[in-house]
Amino acid sequence: LESARALLARGARPDTTNLAGHTPVAHAADENHAELLSLLIEAGAAVDPIDANGQTPLFLTTWQGHSEALKVLLDAGADTTAVDRVGNTALHMAAREGQLEAAAMLVAAGADLDAATSTERQTPLMRAAMEGKQLMVAFLLESGARTDLVDAYDLSAADWARREDYPALADQIQSSAGEPSSPAS
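Please read all numbers here as calculations on a predicted model, not as lab measurements.

Rules behind the numbers
Residues numbered from 1 in each chain as written. Predicted model: local features only at pLDDT ≥ 70, side-chain atom pairs only at ≥ 80, totals over all residues. Heavy atoms only, no water. Helix = DSSP H or I, 4+ residues; strand = E, 2+ residues; numbered from the N terminus. Buried < 20%, exposed > 50% of the residue type's maximum accessible area, 1.4 Å probe, protein only. Contact = heavy atoms within 4.5 Å. Areas by Shrake-Rupley, 256 points an atom, 1.4 Å probe, with all protein chains shown as cover. Lys, Arg positive; Asp, Glu negative; His and termini not counted. Charge placed at Lys NZ, Arg CZ, Asp CG, Glu CD. Salt bridge = Lys/Arg side-chain N within 4 Å of Asp/Glu carboxyl O. Axes fitted to C-alpha atoms, helices over the stretch in contact; angles between N-to-C directions. Left-handed = near helix turned anticlockwise from the far one by under 90°. Nonpolar A, V, L, I, M, F, W, Y, C, P; charged D, E, K, R; others polar. Phe/Tyr/Trp six-rings, centres within 6.5 Å; stacked < 30°, edge-to-face > 60°. Core = buried A, V, L, I, M, F, W, Y, C linked by side-chain atoms within 4.5 Å.

Student: For this particular structure, what's the right way to read the overall build of the protein chain?
Tutor: For the protein chain, the helix and strand inventory stands at 11 helices and zero strands. Its helices and strands taken in sequence order, the protein chain reads α-α-α-α-α-α-α-α-α-α-α from the N to the C terminus. The principal-axis extent of the C-alpha atoms belonging to the protein chain is close to 60 × 25 × 25 Å. Each of the 185 residues in the protein chain was classed as buried or not, and the buried ones make up 48%. The long-range fraction of contacts in the protein chain, counting pairs at least 24 apart against all pairs at least 6 apart in sequence, stands at 67%. A total accessible area of about 8,900 Å² is found for the protein chain, and carbon and sulfur atoms account for 49% of it. For the protein chain, the separation between the mean place of its 12 positive charges and that of its 27 negative charges on side chains is 5 Å.

In structure tokens, the structure reads:
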């Protein structure tokens, strides 16, 4: 942290990128280094730089469950609607990985529970269901995620749970389900 302070004091640019498009903010987020992250943002670093995969530091903190760094990013105004190259949001990542605390923080910050990926039109609930993340599914349902949406394969979250051999999870989702429909564009 002291080295970063010294470099910034000597004029180092906080938004310099490496070949993968990662900035110091992305590295601090990836390592859950909240103090460094705060320092870089205070020095003028962008909160939402996009890397070669189309992901922002919010994605790095979320899928790993780095709640301290995630809080810094959200407090600094990180975009919860940002999408990667296939349309995943940070909430999709949290749902797929079962990162409940991160998901709760994202939802509290206004993340779209029913955001559909651009390619497969899958929602965070579908991603949690296909990975068998029972606690995440329960959280998303309690938060108001729609169960009646279907993806590009005409499969709902309950269908994905069944397809991936999670019948109890499918029943849990189905008990909240309405008629399947396509996600809004």
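And the narrative resumes.
Student: Is there a simple way to think about the environment of Arg163 in this case?
Tutor: Note on placement: Arg163 falls in helix 10 (residues 157-163). We classify Arg163 as exposed; its relative accessible area is 54%. Expressed as a C-alpha distance, the spacing of Arg163 and Ala129, which sit 34 residues apart in the sequence, is 9.7 Å.

Student: Any chance you could explain the side chain of Asp114 here in plain terms?
Tutor: The topology assignment puts Asp114 in the loop between helix 7 (100-108) and helix 8 (124-130). The side chain of Asp114 sits in the buried core without any salt bridge; Arg146 is the nearest counter-charge, 4.9 Å away. Among residues more than four places away in sequence, those in contact with Asp114 are Thr123, Gly144, Ala145, Arg146 and Leu149.

Student: I tried to follow the packing of helix 4 (residues 57-64) against helix 5 (residues 67-75) on my own but got confused; where do I start?
Tutor: As a packed pair, helix 4 and helix 5 sit with axes 9 Å apart at the nearest point and diverge in direction by 145 degrees. Both helix 4 and helix 5 take part in a crossing whose hand is left-handed. Along the contact surface, helix 4 presents Pro57, Leu58, Thr61 and Thr62, while helix 5 presents Ala69, Leu70, Leu73 and Leu74. Here the residues of the contact of helix 4 with helix 5 sort into six nonpolar, two polar and no charged.

Student: How do you make sense of the packing of aromatic side chains when you look at a structure like this?
Tutor: Think of a pair of aromatic rings as described by two things: how far the centres are apart, and how the planes are tilted against each other in angle. All chains considered together, the criterion is met by one aromatic pair. Centroid distance Tyr153 to Trp160: 6.4 Å. Interplanar angle 85 degrees. Geometry classified as edge-to-face. On the basis of relative accessible area, Trp160 is assigned to the buried category, the value being 9%.

Student: What am I meant to see in the nonpolar core here?
Tutor: Proteins that are soluble and globular tend to have nonpolar side chains buried together. Core analysis: the biggest nonpolar cluster contains 50 residues, and Leu37, Leu58, Leu73, Leu106, Val137, Leu140 and Ile173 have the highest contact counts within it. It is helix 3 (residues 34-42) that provides the largest number of residues to this core, a total of six residues.

Student: Just to check I follow, could you spell out the pattern of salt bridges for this structure?
Tutor: Charged atoms that come close allow side chains of opposite charge to pair. Enumeration according to the criterion identifies five salt bridges in this entry. We note a salt bridge from Glu2 to Arg5, for which the minimum N-O separation is 2.6 Å. Of this pair, Glu2 and Arg5 both sit in helix 1 (residues 2-9), separated by three residues, roughly a single helical turn. Note on Glu2: relative accessible area 56%, which makes it exposed. Here Glu120 ties to Arg127 by a salt bridge, and the two come within 3.5 Å at their closest N and O atoms.

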